[in-house]
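Architecture and fold: a report
Next come the chains, spelled out residue by residue.
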Amino acid sequence: VSIAAMKNLMLQGVGLAILLVALLSTKTFLENQYFYTVIQLGANIRNAISSAIYRKALKLSPSGRMNNTVGEIVNYMQLDTNRMEQVAGTIHTLWDGFFQVFGYTSLLLFTLGPSVFAGIAAMLVIIPVNAYFLKRLSTLRAANLKMTDQRVKLTNEMFQGIRAIKSYSWEKAFADQLISIRREEIRTLKACANVRAILVSMLSASPSIVAVVVLSLYALLGNSLTPVKVFTALA
């Protein structure tokens, strides 16, 4: 190889390295700007909904207060507004996810060929399992919210009627009832944590499982697993 060819290759490598740094820097800047915008939007949505619920709670009629307990209002202001805040940061995945899946699948088809379809099949098998645990987690969360509502409601009633409770020595009866509700709430919280741990573990392991399936089939089809192929596909 001549010196001129070596210089050309060196210049080409340096140019590609500079281009890669520029692209990654641009990507980081745009991603940070995106996250800043959606987090700020989520905080504004949460504040607006919490303020609206609080103003509405102050204007409830006596019959409306009977249908909406203090625990329910607290759940609306804390938990439900939290979820709306999280939606603001993830709502764009509904349209962006399609382009990502299509783009990455096209690149993998170009790199590894038809063995990519084995990875897609593995993902299709994993999706129903994740859906089951998500449904289970949603059921447990609903039960936990019910227990929280009962605990907050009972606590509020105890504070409002503390004189009658002390006069008739009902402290132990109310305390036992409150502890019973709290134990059930803790039980559902533990169940939620266990299901969430399983779900997160499966979501974390899914990319590795898909990668193993795709690369194994690629090797079984008679192709050689070179570092270029493996690291490009993993990236």
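Residues numbered from 1 in each chain as written. Predicted model: local features only at pLDDT ≥ 70, side-chain atom pairs only at ≥ 80, totals over all residues. Heavy atoms only, no water.

1. Some words on the side chain of Thr111
The cut-off we apply is this: For the purposes of this entry, the term helix denotes a DSSP run of H or I that reaches at least four residues, the term strand denotes a run of E that reaches at least two, and both are numbered from the N terminus. In the analysis that follows, any N or O atom pair within 3.5 Å is treated as a polar contact, provided that within protein one partner can donate a hydrogen and the other can accept it, and provided that, for residues neighboring in sequence, both atoms belong to side chains.
Note on placement: Thr111 falls in helix H4 (residues 93–112). A distance of 2.9 Å separates a polar side-chain atom of Thr111 from the backbone oxygen of Leu107.

2. Quick notes on the pattern of salt bridges
Formally: What makes a salt bridge here is a side-chain nitrogen of Lys or Arg within 4 Å of a carboxyl oxygen of Asp or Glu, nothing more. Type-normalised accessible area, obtained with a 1.4 Å probe on protein chains alone, sets the label of each residue: buried when under 20%, exposed when over 50%, and partly exposed for intermediate values.
Enumeration according to the criterion identifies seven salt bridges in this entry. Among the salt bridges present, the one from Lys166 reaches Glu171, with a minimum N-O distance of 3.3 Å. With relative accessibility at 33%, the residue Glu171 sits in the partly exposed group. Lys172 is the salt-bridge partner of Asp176, the closest N and O atoms lying 3.0 Å from each other. Of this pair, Asp176 and Lys172 both sit in helix H7 (residues 171–220), four residues apart, which is roughly one turn of that helix. Where salt bridges share partners, they join Arg151, Arg182 and Glu185 into one cluster.

3. Quick notes on the packing of aromatic side chains
Here is the rule we go by: Stacked, tilted and edge-to-face pairs are distinguished by plane angle, under 30 degrees for stacked and over 60 for edge-to-face with tilted covering the rest, among Phe, Tyr and Trp rings (Trp via its six-membered ring) whose centres lie within 6.5 Å.
Considering all chains together, one arrives at six aromatic pairs under this definition. Seen from their ring centres, Trp95 and Phe99 are 6.4 Å apart, and the 75° between their planes marks the pair as edge-to-face. Here Trp95 pairs with Phe99, and both are found in helix H4, just four residues apart, close to one helical turn. With a relative accessible area of 49%, Trp95 lands in the partly exposed category. A residue is classified by how much of its surface remains accessible, and Phe99, at 52% relative accessible area, is exposed. Aromatic pair Trp170 and Phe174: ring centres 6.5 Å apart, planes at 35°, arrangement tilted. Since its relative accessible area comes to 40%, Trp170 is described here as partly exposed. Here the aromatic residues Trp95, Phe98 and Phe99 are joined through ring pairs into a cluster of three or more.

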